[in-house]
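# Geometric and topological summary
Here's the letter readout for the chains.
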Amino acid sequence: GCYKEIQSLSIDCPTKPLPCSWRGPLINVEDHLQECPNRRLACGFGCGAQFLISEKETHENGCHKRLTNCRYCDTSIPYDSLEDHYISCREYPVSCTYCKKNFSRRQEMTDHLENECTEYDMVCPNEKFGGCTFKSITASQVHYYYTYWGKPHIEEACRSVKPEAY
């Protein structure tokens, strides 16, 4: 009885602030709202924007939180994080800051610095503690040196630290 009567009542589109011209039975309002041109949507990328359904494509194509692929490593990243991603992307092209050699991938430069750059002065990690002046042109040479001379450096550094008088 009463329920059927209420469901058959004619209502105007309930979208706010701009109702469309739709008018129909209450029972059909949910179906209408799925397609109403004035229905507001929240951005699916999480930027917080709300827009009319008719503006969805325009917003999504320009949203700063939309997903995009890094053109170097193909990782999917929010558009507004792309520049930050490039800082650590292993596939990003870079130049050695010491000898200016260009690399098509950051990983190649890492290998270059560790094994071949002749402009990159590596120092013993204990330089700041014991005053070691050993320098090398490659990180692998420093690693070899430190592996064999690290313990004597640490022992020397410990001897040079004087206990505080209390």
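Residues numbered from 1 in each chain as written. Predicted model: local features only at pLDDT ≥ 70, side-chain atom pairs only at ≥ 80, totals over all residues. Heavy atoms only, no water.

## A look at the overall build of the chain
- In terms of regular secondary structure, the chain is built from seven helices and ten strands.
- Within the span of the chain, comprising 166 residues, buried residues form 28% of the whole.
- Put simply, of all contacts in the chain between residues at least 6 apart along the chain, 6% involve residues at least 24 apart.
- Approximately 12100 Å² of the chain is accessible, and the part contributed by carbon and sulfur atoms is 52%. (Helix = DSSP H or I, 4+ residues; strand = E, 2+ residues; numbered from the N terminus. Buried < 20%, exposed > 50% of the residue type's maximum accessible area, 1.4 Å probe, protein only. Contact = heavy atoms within 4.5 Å. Areas by Shrake-Rupley, 256 points an atom, 1.4 Å probe, with all protein chains shown as cover.)

## What to know about the nonpolar core
- Core analysis: the largest hydrophobic core is formed by seven residues, namely Val94, Cys96, Phe103, Met109, Leu113, Cys117 and Tyr120.
- Aside from chain neighbours lying at most four places away, what touches Val94 is Lys101, Asn102, Phe103, Arg105, Arg106 and Met109.
- Judged by nonpolar contacts, the second largest core, of five residues, contains Cys70, Leu82, Tyr86 and Cys89. (Core = buried A, V, L, I, M, F, W, Y, C linked by side-chain atoms within 4.5 Å.)

## Some words on the packing of aromatic side chains
- Applying the stated criterion across every chain, the model contains three aromatic pairs.
- Summarising the aromatic geometry, the rings of Tyr72 and Tyr92 are spaced 5.0 Å apart at their centres and angled 75° between planes, so their arrangement reads as edge-to-face. In this pair, Tyr72 is assigned in the loop between β5 (67-69) and β6 (76-78) and Tyr92 in the loop between α4 (82-88) and β7 (94-95), connecting sequence segments 20 residues apart.
- With a relative accessible area of 27%, Tyr72 lands in the partly exposed category.
- Among the aromatic residues, those joined into a cluster by ring pairs are Tyr72, Tyr86 and Tyr92.
- In this arrangement the basic side chain of Arg66 is found over the ring face of Tyr79, its NZ or CZ atom lying 3.9 Å from the centre. (Phe/Tyr/Trp six-rings, centres within 6.5 Å; stacked < 30°, edge-to-face > 60°. Lys NZ or Arg CZ within 6 Å of the ring centre and 35° of its normal.)

## Quick word on unusual backbone geometry
- With a phi angle near 70°, Asp74 is a residue other than glycine that sits in the positive phi range.
- Here Asp74 shows up in the loop between β5 and β6.
- Positive phi is not limited to glycine here, since Lys100 has a value of about 70°.
- You can see Lys100 is positioned in the loop between β7 and β8 (102-103).

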